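# Working through the structure, step by step
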Amino acid sequence: MANIRIASWNVNSIRARYDVLSKWLKKKQYEIIFVQETKVQDHEFPIEDIKNIGYEAIFLGQKSYNGVAILSKEKINIVNKNLPGDKSDVQARFITSKIKDVELICIYLPNGNPIDTDKFPYKLKWMDRLTDYIKKNLNENKKFILAGDFNVIPKEIDVHNPESWTNDALFHEDTLKKFWSMMNLGLTDAYRAINGDKVEYTFFDYKRKTNFENNKGLRIDHFLLPPSMVDKLDRCYIDSKLRGWEKPSDHVPIVCEFNL
DNA sequence: ATGGTTGTTCCACAA
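If you're wondering where the values come from, they're calculated on a predicted model, not measured in any experiment. (Residues numbered from 1 in each chain as written. Chains lettered and ligands numbered in written order. Predicted model: local features only at pLDDT ≥ 70, side-chain atom pairs only at ≥ 80, totals over all residues.)

### Details of the overall build of chain A
A tally of regular secondary structure across chain A gives seven helices and 11 strands. A globule of 260 residues ought to have a C-alpha radius of gyration of about 18 Å, and chain A, at 17 Å, matches this closely. In chain A, which comprises 260 residues, the proportion classed as buried is 40%. Pairs at least 24 apart in sequence give 68% of the contacts found in chain A among residues at least 6 apart. (Helix = DSSP H or I, 4+ residues; strand = E, 2+ residues; numbered from the N terminus. Rg over C-alpha atoms; globule rule 2.2 N^0.38 Å. Buried ≥ 20, exposed ≤ 12 C-beta atoms within 10 Å, placed from the backbone. Contact = placed C-beta atoms within 7 Å.)

### Considerations on the protein's contact with DNA strand B
For DNA strand B, the set of nearby residues contains 14 residues, the closest of which are S13, A16, N111, Y206 and K207. Among the residues forming the surface near DNA strand B, the class breakdown is three nonpolar, four polar and seven charged. (Near = placed C-beta within 6 Å. Nonpolar A, V, L, I, M, F, W, Y, C, P; charged D, E, K, R; others polar.)

### Some words on the nonpolar core
Core analysis: the largest hydrophobic core is formed by 71 residues, its most contacted members being V35, V68, I70, C106, I145 and F223. No other element matches the six residues that strand β6 (residues 102-108) contributes to this core. Not counting chain neighbours up to four residues away, the residues in contact with F223 comprise S8, I145, A147, A190, Y191, C236, I254 and C256. (Core = buried A, V, L, I, M, F, W, Y, C linked by C-beta atoms within 7 Å.)

### Overview of the sheet that holds strand β7 (residues 143-149)
Taken in spatial order, the five strands line up as β5-β6-β7-β9-β8 in an open sheet, and their pairing is mixed. Strand pairing shows two members of the sheet lacking a second neighbour, β5 (94-99) and β8 (188-189), which therefore form its edges. (Pairing = 2+ DSSP bridges.)

### A few points about the sheet that holds strand β4 (residues 68-72)
To summarise the sheet geometry, strands pair through backbone hydrogen bonds and adopt either a parallel or an antiparallel arrangement. One open sheet holds the six strands; their spatial order is β3-β4-β2-β1-β11-β10, and the pairing between them is mixed. Looking along the sheet, the strands with just one partner apiece sit at the ends: β3 (56-60) and β10 (233-238). Geometrically, the sheet is characterised by an average inter-axis angle of 15 degrees between neighbouring strands, direction not taken into account. As paired elements, strand β1 (residues 4-10) and strand β11 (residues 254-258) share five bridges and run antiparallel to each other. By the bridge assignment, I4 is partnered in β11 with F258. (Axes fitted to C-alpha atoms, helices over the stretch in contact; angles between N-to-C directions.)

### Describing the environment of N80
Structurally, N80 is set in the loop between β4 and β5. On the basis of neighbour count, N80 is assigned to the partly exposed category, with 14 C-beta atoms found within 10 Å. C-alpha separation for the pair N80 and K39, spaced 41 residues apart in sequence, amounts to 19 Å.

### Details of the packing of helix α3 (residues 119-139) against helix α4 (residues 173-183)
For any two helices packed against each other, the geometry comes down to the angle between their axes and how far apart the axes lie. Between α3 and α4, the least distance of the axes is 10 Å, while the angle of their chain directions is 5 degrees. It follows that α3 is roughly parallel to α4 by the angle criterion. For the pair formed by α3 and α4, the contact residues are K123, L124, M127, D128, L130, T131 and I134 on the first element and D174, T175, K178, F179, S181 and M182 on the second. Along the lines of polarity and charge, the residues of the contact of α3 with α4 split into six nonpolar, three polar and four charged. (Parallel < 35°, antiparallel > 145°, perpendicular 65-115°, else oblique.)

What follows is the structure in structure tokens.
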């Protein structure tokens with residue numbers, strides 16, 4: 001019997017997505033939501049609107065780009081908002097909190113495209129920093145839930161036409177090498193653990209309106225869990241209906257249910 | 001093979 005449900009959703013602007021967010025949460029009443037791409041500075045975060053739909057929030061934002069937040073029905077505090085390893089990095093992509101003895105790690109991993117610009121090495125270095133952070137947590141036997149928009153297609157099964165993505169930062173061999181070296185420290189992809197080889201996606205490009213209808217997308221939003229949390233995982237599913245609502249994000253939510 | 005769309009902002013850039 002699950003007692004906590006955690007969703008992760010790249011909203012592509014929390015202001016532009018407020019109506020959809022509100023309609024969705026009033027219906028689903030998830031306890032915790034990891035949010036990415038809020039695209040709003042902290043002093044402009046719509047905290048009153050969020051409170052009106054019954055949630056508290058912690059957030060870290062910047063103008064126009066990036067931005068992460070965690071919404072919660074209960075009071076919530078920031079544990080960490082800096083991914084160690086690069087003091088000069090000002091991009092808002094990492095925020096953590098804690099519920100009971102479990103660290104909640106919400107990330108918006110850099111996209112990295114185009115690969116012949118400095119965006120790609122920035123992505124790879126960010127993945128190294130995340131790997132170090134996770135390695136430390138695992139070594140210290142800390143419980144955590146790592147989730148968000150990873151901008152990583154883990155395997156061929158996670159994209160409708162893998163061959164055309166090999167020169168894209170989301171499926172480049174250097175990206176996959178970093179991703180799988182982190183996974184091999186002992187993380188489990190919650191979606192695959194529950195759903196086997198089912199083919200579903202969390203992202204459908206706006207640029208082809210038929211992508212969603214034809215189920216041509218990418219699975220790039222993930223919940224990655226240490227063994228202690230896999231034991232407590234009850235369900236994991238993708239809420240793809242939201243892509244068909246009016247004014248949708250290009251991402252859809254992924255949800256995990258735990259017995260904490 | 002190309003271009004298609006959305007969001008924020010100042011108009012091009014990111015995705």
